[in-house]
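Chain and residue survey
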Amino acid sequence: MNNFFTANISDADPLISAAIDDEVRRQADGLELIASENFVSEAVLQAMGTAFTNKYAEGYPGKRYYGGCEFADVVEQAAIDRAKQIFGCEHANVQPHSGAQANMAVLLTALEHGDQILGMNLSHGGHLTHGHPLNFSGINYKVADYGVDKESEQIDYDELQRIAEESRPKLLICGASAYPRTIDFARIGEIARSVGAKIMADIAHIAGLVAVGLHPSPIPHCEFVTTTTHKTLRGPRGGLSMCKEEFAKDLDRSVFPGVQGGPLVHVIAAKAVAFGEALQPGFKTYQQQVLANAKALAQTLADGGLRIVSGGTDNHLMLVDVYMDGKGITGKAAEKALDEVHITVNKNTIPFDTQKPFVASGVRLGTPALTTRGMKEADMKIVGEMIASIIREPESEEVRAKVRKDVAELTAKFPMYPNRYKSGQTEAISAS
Ligand SMILES: *Cc1c(COP(=O)(O)O)cnc(C)c1O
């Protein structure tokens, strides 16, 4: 046997192998609070690392452009069936390589080049693919945008109605990357219908909550619904586009050959495994804990003197105003100070931010990843106190040393990937 087919990666490529081990260790030894991240199960990881990566399967189950697709058909059909069962949608396409591609396929289906769209402003919580000038959505379509009310920091639906009447979009895009409150899809549906627009709801962040009924579903109100599969839904990196049956053929054509070539069958296999997990009763318990943890974390941070944008959270994430008009530190400084004690967050603009996006007044925190590790409200109180102490005294070596020790203690209580975790080797963590 040729050792091409037998050598372990540790022998075949020591550089990459060590980096993979370091990354597993970084994830296990730190506190992951990036709201768009999560930890997949060992089963999902295994499905991704399979020989399905070798397979070309352009087309759809039963209608492929290549031979040898009988097992690819099994996994893709299972992924489709499970997605439909989870969300109650009429049609699902599981091939989009990412959330951005899932959205691109819908825009290609619903619009002609140059048509008017209406999306949520990026600096108020929207996403690049909802009309940012540097993104395909802003390059190829005319864009109008809506945002949140200055006082409540929540979506201003009356203003959205007014902007919709003024801009007359062909597609209204809702859903967000940094919006901590419940989105009223029924109301947005009424607004869209009142101006003759179709709707795309992008539930990339909240899909896991929607899956178990802990956030109202957009499916009854929207022609198109898209999501990523790797955020609260806790699957592999990827996208999913759903639609009403009348658009099914067009949407499938938009994904392939419109936007993509061959599907990533190994990733679709992992999506199927994750969707299977989402259909288990334990997934609802998990999502309930995600919400309880987010509330506990937001409360602790508020008690610690930080300002929570919109006054709280209804979902898995919160925006924390760490700058507070100059009383605190910038989002950029907070991200860096927290990174140094192995707490991972991202800086984020807050609505009506006075700082540039690369500096920002806020940080965005989410609880999906820590909840997957098994943490509960009492642990969130510890995490929140650590964060508040670092932001209060970002330069104090004493505070840093204490928090580093507390992070190590807390993470040690919630081990992950025991079959993949290798201690020692390099000093990637302490070097950060
Ligand atoms: C994360 C996200 C996406 C994009 O997902 P990628 O997989 O990174 O392309 C799209 N829309 C929203 C609202 C998101 O939060």
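Going along each chain's sequence as written, the residues are numbered from 1 onward. Whole-chain, interface and lining totals are the exception, using all residues; otherwise, since this is a predicted model, local features are given only for residues with pLDDT of at least 70 and side-chain atom pairs are given and counted only at 80 or more. Heavy atoms throughout the structure, all of them, feed into the side-chain values; hydrogens and water do not.

1. So, the packing of helix H5 (residues 99-110) against helix H10 (residues 248-259)
Basically, it comes down to this: Here the axes come from fitting lines to C-alpha atoms, over the contacting stretch only for helices, and the angles between their N-to-C directions go from 0 to 180 degrees. Helical segments are the DSSP runs of H or I of at least four residues, strand segments are the runs of E of at least two, and each set is numbered from the N terminus. The crossing is said to be left-handed when, going from far helix to near helix, the turn is anticlockwise and less than a right angle, and right-handed when the turn is clockwise. Throughout, a contact is declared for two residues whenever any of their heavy atoms are within 4.5 Å. Under the scheme applied, nonpolar residues are Ala, Val, Leu, Ile, Met, Phe, Trp, Tyr, Cys and Pro; charged residues are Asp, Glu, Lys and Arg; polar residues are all the others, including Gly.
Closest axis-to-axis distance for the H5/H10 pair is 8 Å, and the angle between their directions is 120°. Classified by chirality, the crossing of H10 by H5 is right-handed. Along its contact with H5, which presents Gln101, Met104, Ala105, Val106, Leu108 and Thr109, the element H10 presents Asp250, Leu251, Ser254, Val255, Gly258 and Val259. Taken together, the residues of the contact of H5 with H10 break down into seven nonpolar, four polar and one charged.

2. Some words on a nonpolar patch on the surface
What counts is decided by this rule: Only residues whose relative accessible area exceeds 30% and that take part in no salt bridge are eligible for patches, with like-charged residues grouped when within 9 Å of each other and nonpolar side chains (Val, Leu, Ile, Met, Phe, Trp, Tyr) grouped when within 5 Å. Using a 1.4 Å probe, the Shrake-Rupley method yields the accessible areas, and only the shown protein chains count as cover for residues. The rule for a salt bridge is simple: a side-chain nitrogen of Lys or Arg has to be within 4 Å of a carboxyl oxygen of Asp or Glu.
Taken together, the side chains of Ile9, Leu15, Ile16 and Ile20 define a hydrophobic patch exposed on the protein surface, amounting to about 380 Å² of accessible area. With three residues, the single largest contributor to the nonpolar patch is helix H2 (residues 14-29). In this fold, isoleucine 16 is placed in helix H2.

3. A short note on the side chain of histidine 130
Put simply, the test is: N or O atoms closer than or at 3.5 Å make up a polar contact, with two conditions inside protein: a donor-capable atom paired with an acceptor-capable one, and, for residues adjacent in sequence, both atoms drawn from side chains.
Positionally, histidine 130 belongs in the loop between strand E5 (116-120) and helix H6 (136-140). Of note is the side chain of histidine 130, whose polar atom sits 2.8 Å from the side chain of aspartate 202. If we skip the residues at most four places from it in the chain, histidine 130 touches Asn103, Ile117, Gly119, Ser137, Val143, Ile173, Cys174, Gly175 and Asp202.

4. Examining the domain arrangement of the protein chain
Put simply, the rule is: The start and end points of each domain follow an automatic or database-based domain assignment. Buried area, as used here, totals the accessible surface that two parts lose on assembly, with accessibility defined by a 1.4 Å probe and the loss added over both.
Each assigned domain of the protein chain is listed here: domain 1 (47-278) and domain 2 (281-413). For domain 1 versus domain 2, the distance between C-alpha centres works out to 28 Å. Counting residues at the interface gives 26 residues for domain 1, matched by 26 residues for domain 2. For the pair domain 1 and domain 2, the summed buried surface comes to about 2300 Å²; carbon and sulfur atoms form 59% of the total. Contact with domain 2 buries area across many residues of domain 1, yet Glu153, Pro180 and Arg234 alone supply 27% of it, more than any other trio. Run the count over domain 1 and domain 2 and you get two salt bridges. We note a salt bridge from arginine 181 to aspartate 314, for which the minimum N-O separation is 3.2 Å.

5. Thoughts on the site of the ligand
The cut-off we apply is this: For this description, a residue counts as near a given molecule or strand if any of its non-hydrogen atoms is within 4 Å of it.
Taken together, 13 residues lie near the ligand, and Gly99, Ala100, Ser177, Asp202 and Lys231 sit nearest. Side-chain polar atom of serine 177 to an oxygen atom of the ligand: 2.8 Å apart, as the coordinates give it. The dominant element in the shell around the ligand, judged by the number of residues it contributes, is H5, at three residues. The residue makeup of the shell around the ligand, split by class, is three nonpolar, eight polar and two charged.

6. Describing the layout of surface pockets
We apply this condition: For cavity detection a 1 Å grid was placed over the protein atoms alone, and a set of points counts as a cavity when a 1.4 Å probe fits there but cannot get out; an open set counts as a pocket when protein lies on both sides within 12 Å along at least five of seven lines, with lining residues being those that have an atom within 4 Å of a point. Grid points are joined across faces, edges and corners, and a volume is the space filled by probe spheres set on the points.
If you add up the space inside the largest pocket, you get close to 780 Å³. When contributions to the lining of the largest pocket are tallied by element, the ones reaching two or more residues are helix H1 (9-12), H2 and helix H3 (42-48). Examining the composition of the lining of the largest pocket, we find that seven residues originate from one element, H2, more than from any other. Residues of the lining of the largest pocket, tallied by class, amount to 10 nonpolar, nine polar and eight charged. Considered as a void within the structure, the second largest pocket measures approximately 560 Å³ in volume. Looking at the second largest pocket, it is lined by 31 residues, and the ones nearest its centre are Leu122, Gly126, Leu128, Ser177 and Asn348. Elements with a minimum of two residues in the lining of the second largest pocket: H5, strand E9 (224-228) and strand E14 (346-348). Looking at the lining of the second largest pocket element by element, the count peaks at four residues for H5. Partitioned by chemical class, the residues of the lining of the second largest pocket number nine nonpolar, 18 polar and four charged. Three or more residues apiece are contributed to the lining of the second largest pocket by two domains, here domain 1 (47-278) and domain 2 (281-413).

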